[in-house]
Amino acid sequence: MSEKQLNVLDLFCGCGGLSQGFLDAGYNVMLGVDFEEAALKTFKYNHETSDVLLADLSKDEAIEEIADKIGDQKVDIVIGGPPCQGFSLTGSRDINDTRNTLYLAVVKAVRRFKPKAFLIENVPGIATLYNGIVKQQIINTFEDMGYNVSVSPKPLLAADYGVPQMRKRMFFVGIEKGYGSFEFPEPTHTPERYVTCSEAISDLPSRDEEFGEEVDNYEKKPQSLYQEFMRQNSKKLYNHVATNHTEHVKWVISQVPEGGNHKDLPPGIGDSRKFNEAWTRYHSKKPSRTIDTGHRNHFHYKYNRVPTVRENARLQSFRDDFVFIGTRTQQNRQVGNAVPPLLSLNLAKAILRHFDDVKSGRRKVKDLEQLNLELNI
Ligand SMILES: C[S@@+](CC[C@H](N)C(=O)[O-])C[C@H]1O[C@@H](n2cnc3c(N)ncnc32)[C@H](O)[C@@H]1O
């Protein structure tokens, strides 16, 4: 591992799932930027050493606000997951010329701060959007700016990295030319060893009869290694408050078997929701589906209710000492939007390893003329 901590700038940081992985890997997350106040409160509460900036990244002035905030500190890595809504094509090879202003915020930050590397997270659909043209535009833009861009050959599956969730996300990692090309880390877990829902949350109080308090006590000891890992720094249980469903909704949920969905309901029941994810009950012996941001379509594998914020946080691999701030709707959105910290940790460690290998000569860099460059990280 490099002796010097690398400075990270997190754009569209949300509550800081992506940042958490980089912090755990030993980076210094200097600043998180977002335009949602509650998410930034959560970010700051959990990342005391990091600064936050409330800014609209679609606006030109945001980049100068960021520059003012970080002063003369060097930005080593820019990370971020820009929402990809509103993508439209103008026929250019370059994403710069489009109206994808949120992506442009990352482009501008990379151009302004010239980091050694950047990492962009996005939904799997970005790879095939407009027949892959958007993906190619992203690659072209950053290649033209002096980066070797690696795209995960297929979306990374969080369960492959120890997260109890079948969440898939695309990643782009750019490495400054002269320092080689990034290779995505190998999975740490095989399907037979995926962490399951019950391994993730079976120790948490049922909340079947009451809603619970924002701060509460644990009732059971950890029942799995994963639960021990989640509880390592936590004496109290936060954000484990149940939703108050009507008796009818609870009854409909009770009709869905473990791992089932609306298709398993008797005719005439639950007809109000019929899309793919409707009335989905998690399976105790499998990772969860991609957790949602509070749409109330997914249910606990055993209890007749939606998962609590804490249960969803566990399924996202947030440790229990990570506390979510805001209304329950805001908390659910923060958790559901986040990059699972364990997945992020694996990527953050792989980026560190990449630079260590280049520095020590273990990894051959492509651009021979740059080999003599002083690696100053
Ligand atoms: C997918 S979430 C990011 C999650 C984050 N990377 C994590 O791991 O926790 C996208 C974030 O972009 C923020 N966002 C959307 N539009 C924005 C804008 N115009 N300016 C700043 N932030 C914005 C949202 O508030 C949201 O927190």
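Residues numbered from 1 in each chain as written. Predicted model: local features only at pLDDT ≥ 70, side-chain atom pairs only at ≥ 80, totals over all residues. Heavy atoms only, no water.

**A short note on the confidence of the model for the chain**
Overall, the prediction assigns the chain a mean pLDDT of 89, with 90% of residues at 70 or greater. Confidence drops under pLDDT 50 across residues 366–377; counting only partners more than four residues distant or on other chains, this segment forms 20 contacts. (pLDDT = per-residue confidence, 0-100. Contact = heavy atoms within 4.5 Å.)

**Description of the pairing of strand 1 (residues 7–11)**
Counted residue by residue, strand 1 has 5 buried out of 5 residues, so it is predominantly covered. Side chains N7, L9 and L11 of strand 1 all project onto a buried face; the interleaved residues V8 and D10 project onto the opposite face, where all are buried too. Note on the crossover from strand 1 through helix 1 (residues 17–24) to strand 2 (residues 28–34): the handedness is right-handed. Bridging between strand 1 and strand 4 (residues 77–80) involves 4 bridges; their strand directions are parallel. Paired with V8 across the bridge in strand 4 is I77. (Buried < 20%, exposed > 50% of the residue type's maximum accessible area, 1.4 Å probe, protein only. Helix = DSSP H or I, 4+ residues; strand = E, 2+ residues; numbered from the N terminus. Right-handed = clockwise from strand over helix to strand, strands pointing away. Pairing = 2+ DSSP bridges.)

**Considering the packing of aromatic side chains**
In total, this model carries 10 aromatic pairs according to the counting rule given. Aromatic side chains F318 and F322 sit 4.6 Å apart centroid to centroid with 55° between the ring planes, which places their arrangement in the tilted category. With respect to class, F318 is no different from F322; both count as buried. Taken together, the aromatic side chains of F118, F142 and Y147 make up a single cluster linked through ring pairs. Between the NZ or CZ atom of R231 and the centre of the ring of Y218, over which it lies, the distance is 3.8 Å. (Phe/Tyr/Trp six-rings, centres within 6.5 Å; stacked < 30°, edge-to-face > 60°. Lys NZ or Arg CZ within 6 Å of the ring centre and 35° of its normal.)

**Observations regarding the nonpolar core**
Counting 57 residues, the largest nonpolar core has F22, Y27, I77, L119, F171, F324 and I351 as the members making the most contacts within it. The element that contributes the greatest number of residues to this core is helix 11 (residues 341–360), accounting for 10 residues. By size, the runner-up hydrophobic cluster in this structure holds 38 residues, among which are L31, A62, A67 and A105. (Core = buried A, V, L, I, M, F, W, Y, C linked by side-chain atoms within 4.5 Å.)

**So, helix 4 (residues 101–113)**
Compared with the 18 Å implied by 1.5 Å per residue over 13 residues, the 18 Å span of helix 4 between its first and last C-alpha is a close match. When we look at burial in helix 4, the residues that qualify are L102, Y103, L104, A105, V106, V107, A109, V110 and F113. Taken from the residues just after helix 4, K114 is the one with a positive phi, measuring 45°. (Expected span 1.5 Å × (residues − 1).)

**Quick word on the side chain of R281**
Structurally, the position occupied by R281 is in strand 11 (residues 280–281). In this structure R281 is buried but unpaired, with E258 as the nearest side chain of opposite charge at 7.4 Å. At a separation of 2.8 Å, a polar atom in the side chain of R281 contacts the main-chain carbonyl oxygen of H300. (Lys, Arg positive; Asp, Glu negative; His and termini not counted. Salt bridge = Lys/Arg side-chain N within 4 Å of Asp/Glu carboxyl O. Polar contact = N/O pair within 3.5 Å; in protein donor to acceptor, adjacent residues only side chain to side chain.)

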